[in-house]
Amino acid sequence: FHNQTSLRTSQSNYISTTIDAILQSFVKNGELLPDELDEGVVGLCKRHSATVVEAALKEYVNEKKERKIKKEELGEKEEEELRNPSAFLTHMIGRIAEEGVGNSSK
């Protein structure tokens with residue numbers, strides 16, 4: 001007989017491990033730098049489902065690529081938002097969590 005707390009702990013450990021694994025795979029693929037995201041946003045990721053986090057990260061990475069291409073084509077200076085990748089990703093997670101995955105209004 002498990003008390004609720006240990007069940008909840010193992011569940012949140014599971015989520016934490018899953019999110020770490022997702023982040024690691026993005027780092028391995030070279031889509032994220034190891035220290036690109038701060039502790040705050042990683043903690044936020046762990047409060048959301050893996051589905052939401054993965055969707056947000058994919059969108060984040062695509063946005064980063066698009067901006068890089070635009071910057072190279074137009075020689076613009078870096079967009080403000082991505083100087084703070086964590087704030088940018090936080091915003092995306094919030095939006096996706098609210099709208100649901102795959103219902104992006106973009």
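Below or above, wherever it landed, is the structure these notes cover. Nothing here was measured: the structure is a model prediction, and the numbers come from that model.

### Here's the deal with helix α4 (residues 85–99)
Side chains that are three or four residues apart share a direction in an α-helix, a result of its 3.6 residues per turn. The terminal C-alpha atoms of α4 lie 21 Å apart, and with 15 residues this matches the ideal 21 Å at 1.5 Å per residue to within 8%. Every buried residue of α4 is accounted for by Pro-85, Ser-86, Phe-88, Leu-89, Met-92, Ile-93, Arg-95 and Ile-96. Contact partners of the buried residues in α4: α2 (39–45) and α3 (50–74). Positive phi appears at Gly-100, one or two residues downstream of α4, with a value of about 90°.

### Description of the pattern of salt bridges
Close approach of charged atoms allows side chains of opposite charge to pair. If you walk through the whole model with that rule in mind, you get six salt bridges. For the salt bridge of Arg-67 with Glu-63, the shortest nitrogen-to-oxygen distance reads 2.8 Å. Of this pair, Arg-67 and Glu-63 are both found in helix α3, four residues apart, which corresponds to roughly one turn of the helix. Residue class for Arg-67 comes out buried when judged on its relative accessible area of 13%. We classify Glu-63 as buried; its relative accessible area is 13%. One salt bridge connects Glu-99 with Arg-95, and the closest N-O pair in it is separated by 3.7 Å.

Thresholds, definitions, all that
- Residues numbered from 1 in each chain as written.
- Predicted model: local features only at pLDDT ≥ 70, side-chain atom pairs only at ≥ 80, totals over all residues.
- Heavy atoms only, no water.
- Helix = DSSP H or I, 4+ residues; strand = E, 2+ residues; numbered from the N terminus.
- Expected span 1.5 Å × (residues − 1).
- Buried < 20%, exposed > 50% of the residue type's maximum accessible area, 1.4 Å probe, protein only.
- Contact = heavy atoms within 4.5 Å.
- Salt bridge = Lys/Arg side-chain N within 4 Å of Asp/Glu carboxyl O.

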